[in-house]
There are 2 protein chains.
Amino acid sequence: MSKTTQGITVKKSENISEWYVQVLQKAELIEYTDVSGCIIYRPRLYAMWEEIKKWFDEEIKKLGVENAYFPLFIPKRLLEKEAEHVQGFAPEVAWVMRGGRSELKEEIAVRPTSETVIYDAYAKWIQSHRDLPIKINQWVNVVRWEFKHPTPLIRGREFLWQEGHTAFATKKEAEEEVQIILELYRRVFEELLAVPVIKGIKAPSEKFAGADYSTSVETLTPSGKAVQAATSHHLGQNFAKAFEIEYQDESGKKANPYQNSWGISTRSLGAMILYHSDDKGLVVPPRVAPLHAVVIPITFDKNKNKVLREAKKITKTLEEEGVKVLLDDRDHYTPGWKFNEWELKGACIRIELGPKDLEKEQAIAVRRDTGKKTPVKLNELSKKIPKMLDKMQKDLLSSAKEWLDSQSVEAKSWTEFQKAAKEKKLIWAQFCTKDACASSIHEESGAKSLNLPYSAKKPKGNCIKCKNKSKAVGIFAKSY
Amino acid sequence: MSKTTQGITVKKSENISEWYVQVLQKAELIEYTDVSGCIIYRPRLYAMWEEIKKWFDEEIKKLGVENAYFPLFIPKRLLEKEAEHVQGFAPEVAWVMRGGRSELKEEIAVRPTSETVIYDAYAKWIQSHRDLPIKINQWVNVVRWEFKHPTPLIRGREFLWQEGHTAFATKKEAEEEVQIILELYRRVFEELLAVPVIKGIKAPSEKFAGADYSTSVETLTPSGKAVQAATSHHLGQNFAKAFEIEYQDESGKKANPYQNSWGISTRSLGAMILYHSDDKGLVVPPRVAPLHAVVIPITFDKNKNKVLREAKKITKTLEEEGVKVLLDDRDHYTPGWKFNEWELKGACIRIELGPKDLEKEQAIAVRRDTGKKTPVKLNELSKKIPKMLDKMQKDLLSSAKEWLDSQSVEAKSWTEFQKAAKEKKLIWAQFCTKDACASSIHEESGAKSLNLPYSAKKPKGNCIKCKNKSKAVGIFAKSY
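Per chain, residues are indexed from 1 in the order of the written sequence. Written order determines the labels here, with chains lettered from A and ligands numbered from 1. The model is predicted, so local features are restricted to residues of pLDDT at least 70 and side-chain atom pairs to those at 80 or more, both for listing and for counting; the totals for chains, interfaces and linings are taken over all residues. Side-chain numbers here rest on the full set of heavy atoms in the structure, without hydrogens or water.

**A closer look at the overall build of chain A**
Now for step 1: The secondary structure listing takes helices from DSSP runs of H or I that are at least 4 residues long and strands from runs of E that are at least 2 residues long, numbered from the N terminus. Of regular secondary structure, chain A possesses 14 helices and 23 strands.
Now for step 2: Taken over C-alpha atoms, the radius of gyration is set against a globule rule of 2.2 Å times the number of residues to the power 0.38. The C-alpha radius of gyration of chain A comes to 25 Å, within 12% of the 23 Å expected for a compact globule of 480 residues.
Now for step 3: Taken along its principal axes, the extent of the C-alpha atoms in chain A is 85 × 55 × 50 Å.
Now for step 4: Scored against the burial criterion, the 480 residues of chain A give a buried share of 62%.
Now for step 5: Every accessible area reported is derived by Shrake-Rupley at a probe size of 1.4 Å, with residue values counting cover from the shown protein chains alone. Entry remark: accessible area of chain A is about 19800 Å², with carbon and sulfur atoms responsible for 48%.
Now for step 6: Mean positive and mean negative side-chain charge positions of chain A (78 and 66 charges, respectively) differ by 4 Å. Only protein chains enter the calculation, and the probe is 1.4 Å; a residue is then buried if its accessible area is under 20% of its type maximum, exposed if over 50%, and partly exposed in between. Note that His is not counted, nor are the chain ends; the positive residues are Lys and Arg, and the negative ones are Asp and Glu. By convention, charge coordinates are those of NZ in Lys, CZ in Arg, CG in Asp, or CD in Glu.

Take a look at the structure:
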């Protein structure tokens, strides 16, 4: 990889958009391509996605979900079957119109999401109540030909995700699963990515095209813009009816199953990077970090071999302990240069080892997020480094939570709401949940309805905007 | 899943094409879609691909290869940069020409393979000899808009694969890697899929578009058609020059790296299914099988509970032993019906447990491939079933090898060659390796040049077809 000697040139607090793009590029996480909105996920970024995949995949397999693969290409006819769904997605579908040198008779959609192609198959596979439940997931790329300005990972034309598609005999089972999956998503964000999220149900205006209702985990990022982090939809029988998914129930009668779909995408990594990284570069929570520790020997001619020997030993010991560790023994860079490079690239802990440390039988461990230096006895490294990583994981979430709390305000009047929106806060407010009101809130304040948090108190009084009776407490913010 | 009560209605020996499609559909491995050449990989098929992925991914990570993700969409300009490459792929590229409701200014290719988009990035990333080697892999879907009649898994318009792309400072390192990867591919086929393959170098007419040379593992399937199972290409400096990938070597001079690309696809699963499956349905080698054992209780009213209790116990014990096992305790099917179903779906071992067996403290283990019944003491199941699976894995490869040997002939004259081609044999013959001769062999006999096996003896005498001096022993067969 090309060596970026230059650090981040913009402060996070001054121009977070430019800072974000610099972190992504200089920490060698992404590369732009000539197709707008399509980026390269470089190995160090992709490794983080692999960690999410591994954890989530194991969890859903415990629930009896099986992986499969459905085609990238969806015939126009299928995409159009569920009326709300096609309306929602048609404006951003990429169409293949030529194969080799021949024009196609009918253009073919590149999947923006796979409900239609999957449910067409479900109509064949679900014949009897014994075929239910069916729980299938796929890890794939999807394409949404957006025209808004792209933001890498957050808004682009191609992204990676998983999409789960399940069907049940009863509404109750389906609705229970919606919540089980939503909780898994919360755990991905809070336990793996150290990003606090708020679980809730989407207001009708924001629900997935074709769903009965959508649930989501939402967060406000340090840019002051919210990110819809992952969604778990209850589709009711809408798609089942549109796609004629019918089965014989136990009494021999025809019935439609109840369906869910749910997804989390690489967008989650964008939120994580926005949260934890700083003016020196990338900060990654240890549970998804491609590199936990980098050992940097500080050598002088005299005792070079001795220091190097010990550095190798440390590296090996940590490796055996399951720490993802690298020995940076490159000769042509100074220790100081390496410190900067690994801060930029987000190694969780830097372990410095010089001749003076060796005399004391210790190394200096420096945490990437706090910069705190801790001398650690060499024979205690294999115990203390994993503990330090655990602590870092927890601390990142705590300070992220603190920050999110500090940005959350309850608006008691429309004036307070508008002020808070200007200040890019996460706004809690009484809400009638009506589509028209959601639009006018967005138009007049720039803040969008995110979800109606499950943790909120019961509605009380009147809607912040239209003054009609409040139906729920909603959260609002500017968003990507 | 819908229950297919009906078995395979065509014999493998009578109409293997129809038999193959029936196995794929009735064993619930694939589903067709409305887009010709695009199939659904159902969970039981996808699980086999996951096993290949897991094994191969671990192996290449040991070699220092990192995973990444490059965009699905490739600008036309990039695809056209390497002259041979674009010639090879242009006839089968799918083109996106519309995004949402707008026509694109320039059509965009859906990746048929990713050399071009990856090497455009390598040109940015490789600046110094210190940036080498670079070893990146991706597990993705690719699209080739073929016009030949599709055969599921073997020839289609979308398939799943991994593509590795590496760059080295020296030709020697690159060429060594070509062989290391080829050996890994051989192991995927022989050790995981129990499919014997022949390693060799491709004749120039068959090499990858843009490569210096290509190596491959090849096999003849029981349909009498050969499948190119996986390829490992040495690209030399061809792409490096076309994409201006240049670095400063240790002496400060500009140099182009030497590159490789290599891939194995879901086609491998097609070859495996053709090899081992039989008139009763699917047979899968245990190492990639989604289901190792199915426990089928044979109950009568009298001692139903006792048998069921023991069946559950067995299942749990085997599970703990790492055996992928299922207890089929469905009430509404007879044991006989279940035997047929699990033969169709390829459970490696059926474990029958009836009241008489219980009296003898045994169960009957029936191997899917041989049908051989073995009584096994209940307290020995956890030892014997894994051993039986190992044996089955080995036996499948041995009999596949035997079959392949029986189909291999050495042709000493053009008449013999033509006869063998008609009989759908794998033909070994002296070969000048020239493009024109390869074409005329293909045209006149229907057999294609597969590769020049590394295991073959030195060339001797004259080319089987053109009578010019032989350059190598080649293998030939009709192919998919």
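So, next bit.
**Examining the nonpolar core**
Now for step 1: In this structure, F73 of chain A together with F73 of chain B are the most contacted members of the largest nonpolar core, which totals 214 residues.
Now for step 2: In this description, contact between two residues means that some pair of their heavy atoms is separated by no more than 4.5 Å. Ignoring sequence-local partners within four residues, the contact set of F73 of chain A consists of V96, I108, A109 and V110 of chain A together with V35, C38, A94, V110, V143 and W145 of chain B.
Now for step 3: For the purposes of this section, nonpolar cores are sets of buried Ala, Val, Leu, Ile, Met, Phe, Trp, Tyr and Cys residues that join through side-chain atoms within 4.5 Å. F70, I126 and I136 of chain A together with I74 of chain B belong to the second-largest nonpolar core, a separate cluster that totals 65 residues.

**Some thoughts on the interface of chain B and chain A**
Now for step 1: Between chain B and chain A, the residue contacts involve 62 residues of the former and 62 residues of the latter.
Now for step 2: We define buried area as the total accessible area lost by two parts upon association, computed with a 1.4 Å probe and summed across both. Summed over both partners, the interface of chain B with chain A comes to about 5500 Å²; 61% of that surface belongs to carbon and sulfur atoms.
Now for step 3: Salt bridges are counted wherever a side-chain nitrogen of Lys or Arg sits within 4 Å of a carboxyl oxygen of Asp or Glu. Scanning the region where chain B abuts chain A turns up 6 salt bridges.
Now for step 4: Linking E50 of chain A and K61 of chain B is a salt bridge whose minimum nitrogen-to-oxygen distance equals 3.3 Å.
Now for step 5: Pairs of N or O atoms are called polar contacts if they sit within 3.5 Å, as long as, within protein, a hydrogen donor faces a hydrogen acceptor (for residues adjacent in sequence, only side-chain-to-side-chain pairs). For the pair chain B and chain A, the number of links is 27 residue pairs in polar contact (both at pLDDT 80 or more).
Now for step 6: Residue classes follow a fixed rule: Ala, Val, Leu, Ile, Met, Phe, Trp, Tyr, Cys and Pro count as nonpolar, while Asp, Glu, Lys and Arg count as charged, and any other residue, Gly among them, counts as polar. Grouping the constituent residues of the side of chain B that touches chain A by class yields 34 nonpolar, 9 polar and 19 charged.

**Details of the packing of aromatic side chains**
Now for step 1: Pairing of aromatic rings covers Phe, Tyr and the six-membered ring of Trp, with a centre-to-centre limit of 6.5 Å; geometry is then stacked below 30 degrees between planes, edge-to-face above 60, and tilted otherwise. With the rule as written, the count across this model stands at 38 aromatic pairs over all chains.
Now for step 2: Judged by centre distance (5.8 Å) and plane angle (65°), the rings of F73 of chain A and W145 of chain B are edge-to-face. With F73 of chain A in strand β4 (residues 73-75) and W145 of chain B in the loop between β7 (134-143) and β8 (158-168), the pair connects residues from two separate chains. Just as F73 of chain A is buried, W145 of chain B falls in that class too.
Now for step 3: Measuring from centroid to centroid gives 5.8 Å for W49 of chain B and W139 of chain B, while their planes differ by 80°, and the two rings are edge-to-face. Taken together, the residues W49 of chain B in helix α2 (residues 43-62) and W139 of chain B in strand β7 connect sequence positions 90 residues apart.
Now for step 4: Residue W139 of chain B is classed as buried on the basis of its relative accessible area, which comes to 14%.
Now for step 5: In textbook terms, an aromatic cluster arises when at least three aromatic residues are bridged by ring pairs, as seen for F70, Y119, Y122, W125, F239 and F243 of chain A.
Now for step 6: For the cation-ring pair, K465 of chain B lies above W414 of chain B, with the distance from its terminal atom to the ring centre recorded as 5.1 Å. Here, over-ring charges are defined by two tests on the NZ atom of lysine or the CZ atom of arginine: distance to the ring centre within 6 Å, and angle to the ring normal within 35 degrees.

**Overview of the pairing of strand β14 (residues 258-265) of chain A**
Residue and element names in this part refer to chain A.
Now for step 1: Here β14 lies mainly inside the structure; 7 of its 8 residues are buried.
Now for step 2: Of the strand pairs in this sheet, strand β11 (residues 226-236) and β14 are connected by 6 bridges, and their pairing is antiparallel. Paired with T231 across the two strands is G263, which belongs to β14. We call two strands paired when DSSP finds no fewer than two bridges between them.

**As for the domain arrangement of chain A**
Interfaces are often sized by the amount of accessible area the parts lose when they come together.
Now for step 1: For each domain, the first and last residues come from an automatic or database assignment. Taken domain by domain, chain A holds domain 1 (15-276), domain 2 (293-384) and domain 3 (408-477).
Now for step 2: The distance between the C-alpha centroids of domain 1 of chain A and domain 2 of chain A comes to 41 Å.

**Some remarks on the pattern of salt bridges**
Now for step 1: Counted according to the given criterion, the structure contains 74 salt bridges over all chains.
Now for step 2: One salt bridge in this structure joins D34 of chain B and R77 of chain A, with 2.1 Å as the shortest N-O distance. One end of the pair, D34 of chain B, is in the loop between β1 (30-32) and β2 (39-41); the other, R77 of chain A, is in helix α3 (residues 76-79), on a second chain.
Now for step 3: The exposure class of R77 of chain A is partly exposed, given its relative accessible area of 38%.
Now for step 4: Across the pair E190 of chain B and R186 of chain B runs a salt bridge whose closest N-O atoms are separated by 2.7 Å. With E190 of chain B and R186 of chain B both in helix α6 (residues 171-192) and 4 residues apart, the pair spans about one turn of that helix.
Now for step 5: With relative accessibility at 10%, the residue E190 of chain B sits in the buried group.
Now for step 6: It is possible to trace a salt-bridge network through shared partners that takes in E28, D328, R330, K338, E341 and K345 of chain A.

**Some remarks on the packing of α2 of chain B against α6 of chain B**
All names here are of chain B.
Now for step 1: Throughout, an axis means a line fitted to C-alpha atoms (over the contacting stretch in the case of helices), and angles, computed between N-to-C directions, take values from 0 to 180 degrees. Two elements in contact, α2 and α6, have axes separated by 11 Å at closest approach and are oriented at 150°. The orientation of α2 with respect to α6, classified from their angle, is roughly antiparallel. For the pair α2 and α6, the sense of crossing is right-handed. Between α2 and α6, the contacting residues are E51, I52, W55, F56, E59 and I60 on the first element and I181, L184, Y185, R187, V188, E191 and L192 on the second.
Now for step 2: Among the residues making up the contact of α2 with α6, the classes are represented as 9 nonpolar, no polar and 4 charged. Here the word oblique covers every angle except those under 35 degrees (roughly parallel), over 145 (roughly antiparallel) and from 65 to 115 (roughly perpendicular). Throughout, a crossing is termed right-handed when the near helix is turned clockwise from the far one, and left-handed when it is turned anticlockwise from it by less than a right angle.

**Section: the relation of the copies chain B and chain A**
Now for step 1: A residue counts toward the fit only if its pLDDT is at least 70 in both copies, and the copies are then superposed by least squares on the C-alpha atoms of those residues. Of the transformation superimposing chain B on chain A, the axial component is 0.0 Å and the angular component is 180°, with the fit at an RMSD of 0.0 Å. A rotation of that kind, with that shift, is consistent with a two-fold axis. Using C-alpha coordinates, one finds that chain B approaches the rotation axis most closely at V96 of chain B, a distance of 2.1 Å.
Now for step 2: When the interface residues of chain B are mapped onto chain A, 100% of them are again interface residues, pointing to one common binding face.

**Some points on the sheet that holds strand β4 (residues 73-75) of chain B**
Now for step 1: What the 6 strands build is an open sheet, ordered β4(A)-β6(A)-β5(A)-β5(B)-β6(B)-β4(B); its pairing is antiparallel. Lying at the two open borders of the sheet, with one neighbouring strand each, are β4 of chain A together with β4 of chain B. In this sheet, neighbouring strand axes are inclined to one another by 50° on average, regardless of whether the strands run parallel or antiparallel.
Now for step 2: Looking at chain direction, strand β5 (residues 94-99) of chain A and strand β5 (residues 94-99) of chain B are connected through 5 bridges and run antiparallel. Bridging from a neighbouring strand, G99 of chain A pairs with A94 of chain B of β5 of chain B.

**What to know about the sheet that holds strand β15 (residues 293-297) of chain B**
Two orientations exist for strands paired in a sheet by backbone hydrogen bonds: parallel and antiparallel.
Residue and element names in this part refer to chain B.
Now for step 1: A sheet is described by the order of its strands in space; here 5 strands give the open sequence β16-β15-β17-β18-β19, paired in mixed fashion. Because the sheet does not close on itself, it has two edges, and the strands there are β16 (325-327) and β19 (373-377). Put simply, the sheet's adjacent strands are angled 25° from each other on average, direction ignored.
Now for step 2: Strand direction decides the pairing type here: strand β18 (residues 362-367) and β19, joined by 5 bridges, are antiparallel. Within β19, the position partnered with I364 by the bridge is P375.
Now for step 3: Taken strand by strand, helix α9 (residues 304-320) contacts β15, β16 and β17 (349-353), and its axis lies near 165° from that of β16.
Now for step 4: Seen against the sheet, helix α12 (residues 381-406) touches β17, β18 and β19 and runs at an angle of roughly 10° to β18.

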